[in-house]
Amino acid sequence: MTGCRYWRLDRHPDGNTHFERALSLCDEAQAELQPDEVRIAVQWLSMDAGTRMWMSPRTDGYQPPLPLGSKMVGLVLGRVSETTDPAFPVGAMVRGFGQWAEQAVVVPALAGLEVVDGSVSDPRQHFGALGMNAWTAYVGVKEVAAVKAGEWLAVSAAAGATGSLACQIGRLLGAKVVGIAGGPDKCRFLTDEIGIDMAIDYRSEDVEARLGTIEGGINAFFDNVGGPILDAVLPNMAHYGRVAICGMVAGYDTDAPMPGPARFDQILMRRLRVEGFFIPDFLERGAEFMPQLREWLDAGKLTMAFDETQGIENVLTAYERMLTGKNIGKVIVKL
Ligand SMILES: NC(=O)c1ccc[n+]([C@@H]2O[C@H](COP(=O)([O-])OP(=O)(O)OC[C@H]3O[C@@H](n4cnc5c(N)ncnc54)[C@H](OP(=O)(O)O)[C@@H]3O)[C@@H](O)[C@H]2O)c1
């Protein structure tokens, strides 16, 4: 058996930089495959902001923290290199939760492993317009925020993987969309490349004041961030608006509980519905979402920018890029 490099979580990170102080790149001989296991030669790793919480010691998240000394886990895309399961034959292109490793070893049912559609010309789209971020955007915009044609939808972290898809799905459902993102390049991407109606640079503009120029207010808010951005949006919501709490990336780098919105009063004053959602709860409905996402992708109606880094040794650089907001679109690592 040949060796396999992987990332191990040694200690809890402090903040969103210097991840090399918390994780180390290790090498081990590959163990023999156990019954029910599948080995995947990983081709791409998905960098997902939510995984930052798994590195923290908090026990009140949506899943238990990763024990120190474990291999870091995330979504992987690659080809089956060895198998004990006929549903995942050698050579099949698969996606699921595996290790940040050159060869990931998973139990399919626990990993949510799926054989992906080999006819997709750019396989990266299995992490893009056909991936978990797209399902999240679709469920969040269509069902949780329940946006209707003609309404205003606001999206935070709007130029990231989940946010850029939420913006586009909102447009495709007939909404007017305002995206909130960090920096002029991201705002240009949002208005010029994916064609939303308005973009606000929260690093240089007064978000609350700019949202206040939208007549009638925001009907639906897809929030990826929490914190001050949520506080700026709540007083600008229309009466009976819906807030889909998708993520709270502004607070993932603290190990303490994230405080609630300072403008909580606006939930009552504006009769808002606020609902958190977690996409693994919807995984079994993937077959229902995929045809629509595939149709939009094939028709050129969904644009996915990729922020791609090469090499397993550069995973932490890619991860930090995402959590410090240097990315436009989906952050992935090509192995
Ligand atoms: N509920 C679910 O099931 C589910 C599933 C997938 C993702 N999510 C959530 O979706 C959000 C986006 O995740 P992603 O993986 O798609 O990452 P992403 O949006 O591609 O990248 C993260 C983005 O977050 C923004 N950000 C980071 N720190 C921030 C801060 N302090 N204040 C404001 N913005 C900040 C940065 O954009 P700016 O430069 O614009 O700040 C950065 O580009 C996360 O909150 C994640 O937990 C939830």
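Here, residues in each chain are numbered from 1, in the same order as that chain's written sequence. Given that the model is predicted, a residue must reach a pLDDT of at least 70 before its local features are reported, and side-chain atom pairs must reach 80 or more before they are shown or counted; all residues, however, enter totals for whole chains, interfaces and linings. Calculated side-chain values reflect all of the structure's heavy atoms, with hydrogen atoms and water omitted.

> Can you lay out the side chain of Lys-186 for me, pointing to particular residues and giving the numbers?
In this text, helices come from DSSP runs of H or I with a minimum length of four residues, and strands from runs of E with a minimum of two, each type numbered from the N-terminal end. Here Lys-186 is to be found in helix α5 (residues 184-193). We note that Lys-186 is buried and unpaired, the nearest opposite charge coming from Asp-307 at a distance of 8.3 Å. Whenever two N or O atoms come within 3.5 Å, that pair is a polar contact, provided that in protein one can donate a hydrogen and the other can accept it, and provided that, for residues adjacent in sequence, both atoms are side-chain atoms. A distance of 3.1 Å separates a polar side-chain atom of Lys-186 from the backbone oxygen of Asn-327. If near-sequence neighbours (up to four positions away) are discounted, Lys-186 is found in contact with Ala-159, Ala-181, Gly-325, Lys-326, Asn-327 and Ile-328. The rule is simple: take the accessible area with a 1.4 Å probe, protein chains only, and divide by the maximum for that residue type; under 20% is buried, over 50% is exposed, in between is partly exposed. Positive charges come from Lys and Arg, negative ones from Asp and Glu, while His and the chain ends are left out of the count. For salt bridges, the criterion is a side-chain nitrogen of Lys or Arg within 4 Å of an Asp or Glu carboxyl oxygen. Two residues form a contact once any of their heavy atoms are found within 4.5 Å.

> Quick rundown of the sheet that holds strand β11 (residues 218-223)? Include the residues and the values.
Think of it this way: DSSP has to see at least two bridges between two strands before they count as a pair. Judged by pairing direction, the sheet is parallel, and its 6 strands sit side by side in the order β10-β9-β8-β11-β12-β13 without closing on themselves. Each edge of the open sheet is held by one strand with a lone partner, namely β10 (198-201) and β13 (273-276). The mean angle between the axes of side-by-side strands here comes to 15°, regardless of whether they run parallel or antiparallel. Here strand β8 (residues 152-156) runs beside β11; their pairing, made up of 3 bridges, is parallel. By the bridge assignment, Val-155 is partnered in β11 with Phe-222. Axis angles are defined between N-to-C directions and span 0 to 180 degrees, where every axis is a line fitted to C-alpha atoms and, for a helix, only to the segment in contact. Against the sheet, helix α4 (residues 161-172) touches β8, β9 (176-181) and β11, its axis set at about 170° to β8. Packing of α5 onto the sheet brings it into contact with β9 and β10, and relative to β10 it is tilted by some 170°.

> Give a detailed account of the confidence of the model for the protein, specifying residues and quantitative values.
Averaged over every residue, the pLDDT of the protein is 96; residues scoring 70 or more account for 100%. On a range of 0 to 100, pLDDT expresses the predictor's confidence in each residue. Within the protein, no element has a lower average pLDDT than helix α9 (residues 286-298), which sits at 93, and none a higher one than β8, at 99.

> So what's going on with the pattern of salt bridges? Residues and values would help.
Tallied over the entire structure, the rule returns 22 salt bridges. Where Lys-330 meets Asp-48, a salt bridge forms, and the shortest distance between an N and an O atom there is 2.9 Å. Within this pair, whereas Lys-330 is found in strand β15 (residues 330-334), its partner Asp-48 is found in the loop between β3 (38-46) and α1 (51-54), the two being separated by 282 residues in sequence. When the shortest N-O distance is used, the salt bridge between Arg-285 and Glu-143 registers 2.6 Å. With Arg-285 in the loop between β13 and α9 and Glu-143 in helix α3 (residues 132-144), this pair connects stretches of sequence that are 142 residues apart. Each member of the salt-bridge network shares a partner with another, and the members are Arg-5, Glu-102 and Glu-313.

> Tell me about the site of the ligand, residues and numbers included.
Being near a molecule or strand, for a residue, means having at least one of its heavy atoms within 4 Å of it. The full set close to the ligand counts 31 residues, and Thr-162, Lys-186, Tyr-202, Tyr-252 and Asn-327 are the nearest of them. Thr-162 places a polar side-chain atom, nitrogen or oxygen, 2.7 Å from an oxygen atom of the ligand. One of the backbone nitrogen or oxygen atoms of Asn-224 is found 2.8 Å away from an oxygen atom of the ligand. Shrake-Rupley sampling with a 1.4 Å probe provides the accessible areas, and residues are treated as covered by the protein chains on show and by no other component. Calculation on the ligand without its partners gives an accessible area of 910 Å², and the protein chains cover 91% of this total. Top contributing element to the shell around the ligand by residue count: α3, with 3 residues. Under the scheme applied here, ten amino acids are nonpolar (Ala, Val, Leu, Ile, Met, Phe, Trp, Tyr, Cys and Pro), four are charged (Asp, Glu, Lys and Arg), and all others, including Gly, are polar. In the shell around the ligand, the residues fall into 17 nonpolar, 11 polar and 3 charged. Both domain 1 (3-127 + 305-334) and domain 2 (132-280) contribute no fewer than three residues apiece to the shell around the ligand. Domain ranges listed in this record stem from an automatic or a database domain assignment.

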